[in-house]
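# Geometric and topological summary
What follows is each chain in one-letter form.
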Amino acid sequence: MTCAQLFRPTASCLFVALLMSGCARPPERPTPAAQKPSVSALPEACKMPLIRENEQLLRFDTTASHLHILAYRGGRLARFGHNHLINAKSMEGYVRIAPSPEKSEFTLCLPVAALEVDNPQLRAQAGEQFATPLDASAIAGTRHNMLSPQLLDADRYPFIVVQGAIIARSADSTLLPLTLTLRGQQKNLSYPSRIVVQARQVSATGELTLRQSDLGLEPFSALFGALLVQDELTIRYTLVAKEAL
């Protein structure tokens, strides 16, 4: 977040601007371009493996899948901030369906530089908490800070990798064990998800809450915590993998 996005330029918040002497403008350095990564740039874990005997290999379908990260404003001056929606618009990876369910697995790879910040249409769909329109400079400021060394450090760690087991069942909800690799550090997690395994397709749908601090991230704050991004993030997802051709 930049000063411009945190505070609207109204007379009622000029006193806040005077306190923001430590809120410097972001450096004039371009952030990584939001583009689809080349296959050679992918981590080995995210490259499509060879199909084993009696197994089925599926590829994540970006047109049918979505993963949204919702971040909420907080602190005594929260009214001057904004909630944010991060969209994982690009993803790579696969699902391996083995004859034995306990051996089925998936790997999902999210290029950090391709994360989309505050898409107006997605914000409008997310409800009243995200209804406030944001200008281009505010969005650019949020994106800059998200990719900076203080948060995701996109230059050093260009991918977020999620790996886990696929439990072949169609119940309302099943516990999904995950290993999340973020900024080079692995975290073991477990969350309920609705898994549907079909002949040539697997889908997973759910919503979960993660704490940034549990992932080794320090939530943004300003004015000694009077304005901040809440530690808890909400992640909503529908992931669809289809038979690889």
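What counts and how
- Residues numbered from 1 in each chain as written.
- Predicted model: local features only at pLDDT ≥ 70, side-chain atom pairs only at ≥ 80, totals over all residues.
- Heavy atoms only, no water.
- Helix = DSSP H or I, 4+ residues; strand = E, 2+ residues; numbered from the N terminus.
- Buried < 20%, exposed > 50% of the residue type's maximum accessible area, 1.4 Å probe, protein only.
- Contact = heavy atoms within 4.5 Å.
- Areas by Shrake-Rupley, 256 points an atom, 1.4 Å probe, with all protein chains shown as cover.
- Core = buried A, V, L, I, M, F, W, Y, C linked by side-chain atoms within 4.5 Å.
- Salt bridge = Lys/Arg side-chain N within 4 Å of Asp/Glu carboxyl O.
- Pairing = 2+ DSSP bridges.

Our next topic: the overall build of the protein chain. In terms of regular secondary structure, the protein chain is built from four helices and 12 strands. Here the protein chain, with 245 residues, has 49% of them falling under the buried criterion. Pairs at least 24 apart in sequence give 70% of the contacts found in the protein chain among residues at least 6 apart. Accessible area of the protein chain: about 13,300 Å², with a carbon and sulfur share of 53%.

A word on the nonpolar core. Counting residues in hydrophobic clusters, the biggest one holds 44 residues, and the most contacted among them are L67, V95, F106 and L108. Per element, the largest residue contribution to this core is six residues, and it comes from strand β12 (residues 227–243). Excluding its chain neighbours within four sequence positions, the residues that come into contact with L67 are I86, N87, A88, L108, L110, I235, R236 and Y237.

What follows covers the pattern of salt bridges. Throughout the structure, instances matching the rule amount to 11 salt bridges. A salt bridge links R52 to E55; the nearest nitrogen and oxygen atoms lie 3.9 Å apart. Relative accessible area serves as the criterion here: at 17%, E55 is assigned to the buried category. Between E207 and R236 there is a salt bridge; the shortest N-O distance is 3.4 Å. Remark: R236 occurs in strand β12 and E207 occurs in strand β10 (residues 201–211); sequence separation between them is 29 residues. With a relative accessible area of 32%, R236 lands in the partly exposed category. Via salt bridges that share partners, R52, E55, R96 and E105 belong to a single interconnected network.

Within strand β8 (residues 174–182), seven of the nine residues are buried, which leaves the element mostly enclosed by the surrounding structure. As paired elements, strand β7 (residues 159–165) and β8 share four bridges and run antiparallel to each other. Bridging from a neighbouring strand, V161 pairs with T181 of β8. One ladder, built from nine bridges, connects β8 with strand β9 (residues 185–197); its direction is antiparallel. Within β9, the residue paired with P177 across the bridge is S190. Remark: two residues form the turn of the hairpin made by β8 and β9, two consecutive strands paired antiparallel; R183 in that turn has positive phi of roughly 55°.

Bringing the environment of V162 into the picture now. The topology assignment puts V162 in strand β7. When its relative accessible area of 15% is taken as the criterion, V162 is described as buried. For the pair formed by V162 and L180, sequence separation is 18 residues and the distance between their alpha carbons is 4.7 Å. Excluding residues that lie within four positions of it along the chain, V162 makes contacts with F106, T107, L108, L178, T179 and L180.

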